[in-house]
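Coordinates in review
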Amino acid sequence: MTQAWNKEAFKAELSGIRCHDDEKYLEARSGDYFWYSPILNEQLKDLRGELVVIPQNREEVILVAAAVARHKVPLTLRGGGTGNYGQCVPLEGGVIMDLTRLADVIEITEGHVRVEAGARISRLDDAARETGQELLMYPSTRQMATIGGFVAGGSGGIGSLRHGMLRDPGNVSYVKVVTVEPEPQIITLEGDDIQKVQHAYGTNGIVIELGLALTPSTDWIHTAALFDGYDAALHFACWAQEEGLDCYLLTAVERRFAAYYTKFRDHFPEDRDAIFAMVAPSEMTRFQAEAERRGGRISFAMTKPEIREAGLQPAYECGWNHTTLQALKVDKGWTYLQVAYPRPFDPDLVMRQMERYGDAMFWHHEMARMEGEIQIFALPLLRFRSKEETYRVIAELEETDGCTIFDPHVVTIEDGGMKEIDDTQIAFKKQADPYGLMNPGKTRGWTDDMVRNDSTSHQGETA
């Protein structure tokens, strides 16, 4: 645990920077969607920060970073708070820095945007679309998530079918990071160095600005194809990928989810399995013809304005982890897993899994690319019985089926994904967070003996 700190003295050094410490405000800013996991909910539900600071610009970020370093107080960064693993939950109290006021879209040029980290993804994508361009990918929480939070805590999402994962080369061009030390530095990371902070949960530097690739925009058709059999839906999705059908999203959702898709009613009946997709207008005829050839039918096909007018959700809110959110609104007994399938993907394996788990697990699958190759993910609902049963299922999926599980029931970077410590990220933490103050407890790679002695010399680019 970090040593006690003098909150009033800390606030006195903030030079008028907005801050809050009333209980309701602290409660609202100390959590994310960790409650998707009953295991995390039990662990994190009562944890609170002690002070929320809301810098309005990078100069105020630097002032806060310096005060944090001087007072040796824990610091947790927060964007839209749409993460699922407690990334922005302060395990050791301290200061929460809300970065949503750093929201400027700095510059949009052909194929590229420069933006502050606190910008809402919906606003950023809309701004790009005004120039005839769009983001390569975004999470299903597009409406609320910030771009800095997505890069620091996410890995991919809607658009990953077309453009790969965030970490794939060229998707993020640069990241500017403020260090947490008495005289903060600004470090610019480019190329492979971006991986030093990507998916690092805000443990090793305050991301304040990013550069992202853009692509020419498409007026995607939001659509659903219905099939009599989940295997038929999966085979259709595989065909679409193998044939290079131009889609921004391709999600297979089995019929038992229909009860949770309350806005769709007859568009997603309980006796049919669905493919929700965002399809290029020029590909819609081929999409429909192939679905019908395989015994399916098109349930609806609309532009985004038409979807809104009809009172439906856009297709990007019908896949990825929005499926979990929609189910939990109706039935709190669910949790979920994150599953990556071995290549090449075998739909028959899914059918065996459906038979094995029955009503204990509902399935949907996401079509994506990783390092240029087709990669299928699933985020199935799992009926929660106990922690022990959850990990029995995880072990079975890995050992029997050859799947990889990205564990959504843990708070550390390593245990949730890569299963090993990223030495490059830890080495950068020594530079950007030398006192180990940022999001303590979220990485196993940092140990107390790594804390910098104040007499140690260091180099950096002055802020």
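Anyway, here's the lowdown on the structure attached to this text. (Residues numbered from 1 in each chain as written. Predicted model: local features only at pLDDT ≥ 70, side-chain atom pairs only at ≥ 80, totals over all residues. Heavy atoms only, no water.)

With that out of the way, let us pick up the overall build of the chain. Broken down by element type, the chain carries 15 helices and 21 strands. Whereas a compact globule of 463 residues would reach a radius of gyration of roughly 23 Å, the chain reaches 22 Å, a difference of no more than 12%. Considering only intrachain contacts with a sequence separation of at least 6, the fraction spanning at least 24 residues in the chain is 72%. Summing over all exposed atoms, the chain offers an accessible surface of approximately 18600 Å²; the carbon and sulfur share of this is 46%. Within the chain, the 71 negative side-chain charges are centred at a point lying 4 Å from the centre of the 48 positive side-chain charges. (Helix = DSSP H or I, 4+ residues; strand = E, 2+ residues; numbered from the N terminus. Rg over C-alpha atoms; globule rule 2.2 N^0.38 Å. Contact = heavy atoms within 4.5 Å. Areas by Shrake-Rupley, 256 points an atom, 1.4 Å probe, with all protein chains shown as cover. Lys, Arg positive; Asp, Glu negative; His and termini not counted. Charge placed at Lys NZ, Arg CZ, Asp CG, Glu CD.)

Turning next to the packing of aromatic side chains. This model, assessed by the stated rule, comprises 24 aromatic pairs. Ring plane angle 35° and centroid distance 5.7 Å describe the contact between Tyr33 and Trp35, whose orientation is recorded as tilted. Ring centres of Trp35 and Tyr36 lie 5.1 Å apart, and the angle between their planes is 80°; this geometry places the pair in the edge-to-face category. By relative accessible area, Tyr36 is classed as buried at 3%. Put simply, the rings of Phe257, Tyr260, Tyr261, Phe264, Phe268, Phe276, Phe300, Trp334 and Phe362 touch in pairs and so form one group of aromatic residues. The ring of Tyr25 carries Arg29 above its face, with NZ or CZ at 4.7 Å from the centroid. (Phe/Tyr/Trp six-rings, centres within 6.5 Å; stacked < 30°, edge-to-face > 60°. Buried < 20%, exposed > 50% of the residue type's maximum accessible area, 1.4 Å probe, protein only. Lys NZ or Arg CZ within 6 Å of the ring centre and 35° of its normal.)

Glancing now at the pattern of salt bridges. Under the definition given, this model contains 32 salt bridges. A salt bridge links Asp21 to Lys7; the nearest nitrogen and oxygen atoms lie 3.4 Å apart. Remark: Lys7 occurs in helix α1 (residues 7-12) and Asp21 occurs in the loop between β1 (18-20) and α2 (23-29); sequence separation between them is 14 residues. Residue class for Asp21 comes out partly exposed when judged on its relative accessible area of 28%. (Salt bridge = Lys/Arg side-chain N within 4 Å of Asp/Glu carboxyl O.)

Strand order in the open sheet made by the four strands is β1-β2-β4-β3, with mixed pairing throughout. For this open sheet the edge positions go to β1 and β3 (75-78), each flanked by a neighbour on one side alone. The mean inter-strand angle of the sheet, taken between neighbouring strand axes irrespective of direction, is 25°. Direction of pairing for β3 relative to strand β4 (residues 95-98): parallel, over a ladder of four bridges. Residue pairing for β4: Leu75 is matched across the bridge by Val95. (Pairing = 2+ DSSP bridges. Axes fitted to C-alpha atoms, helices over the stretch in contact; angles between N-to-C directions.)

Moving on to the sheet that holds strand β14 (residues 297-302). One open sheet accounts for eight strands, arranged β14-β11-β13-β12-β18-β19-β16-β21; its pairing is antiparallel. The outermost strands of the open sheet, each flanked by one partner alone, are β14 and β21 (404-405). Of the pairings in the sheet, the one linking strand β16 (residues 339-340) to strand β19 (residues 373-378) comprises two bridges and is antiparallel in character. Directly across from Val339, in β19, lies its bridge partner Ala378.

This part is about the pairing of strand β8 (residues 172-178). A large share of β8 lies buried, amounting to five of its seven residues. When β8 meets strand β10 (residues 206-216), the two strands line up antiparallel, connected through six bridges. Bridge assignment links Val177 to a residue of β10, and that residue is Val207. Where β8 lies against strand β9 (residues 186-190), five bridges are found, and the strand directions are antiparallel. By the bridge assignment for β9, Val177 is matched with Ile187.

Attention shifts here to the side chain of Thr179. Its place among the elements puts Thr179 in the loop between β8 and β9. A polar contact is formed between the side chain of Thr179 and the side chain of Glu181, at a distance of 2.7 Å. At 2.8 Å, the side chain of Thr179 forms a polar contact with the backbone nitrogen of Gln185. (Polar contact = N/O pair within 3.5 Å; in protein donor to acceptor, adjacent residues only side chain to side chain.)

Let's shift gears to the side chain of Thr203. Within the secondary structure, Thr203 sits in the loop between β9 and β10. Among the polar contacts made by the side chain of Thr203, one reaches the main-chain carbonyl oxygen of Ala200 at a distance of 2.8 Å. Dropping the residues within four chain positions of it, Thr203 is found in contact with Ile413, Lys429, Asp433, Met438, Asn439, Lys442 and Thr443.

Burial analysis of strand β13 (residues 273-279) places seven of its seven residues in the buried class, which makes it a mostly covered element. Judged by which residues are buried, β13 turns out to be covered on both faces: Asp273, Ile275, Ala277 and Val279 on one side and Ala274, Phe276 and Met278 on the other are all buried. Of the strand pairs in this sheet, strand β11 (residues 221-227) and β13 are connected by seven bridges, and their pairing is antiparallel. Directly across from Thr223, in β13, lies its bridge partner Ala277. Two elements, strand β12 (residues 247-253) and β13, share six bridges in a ladder whose sense is antiparallel. What sits directly across from Cys247, in β13, is Val279.

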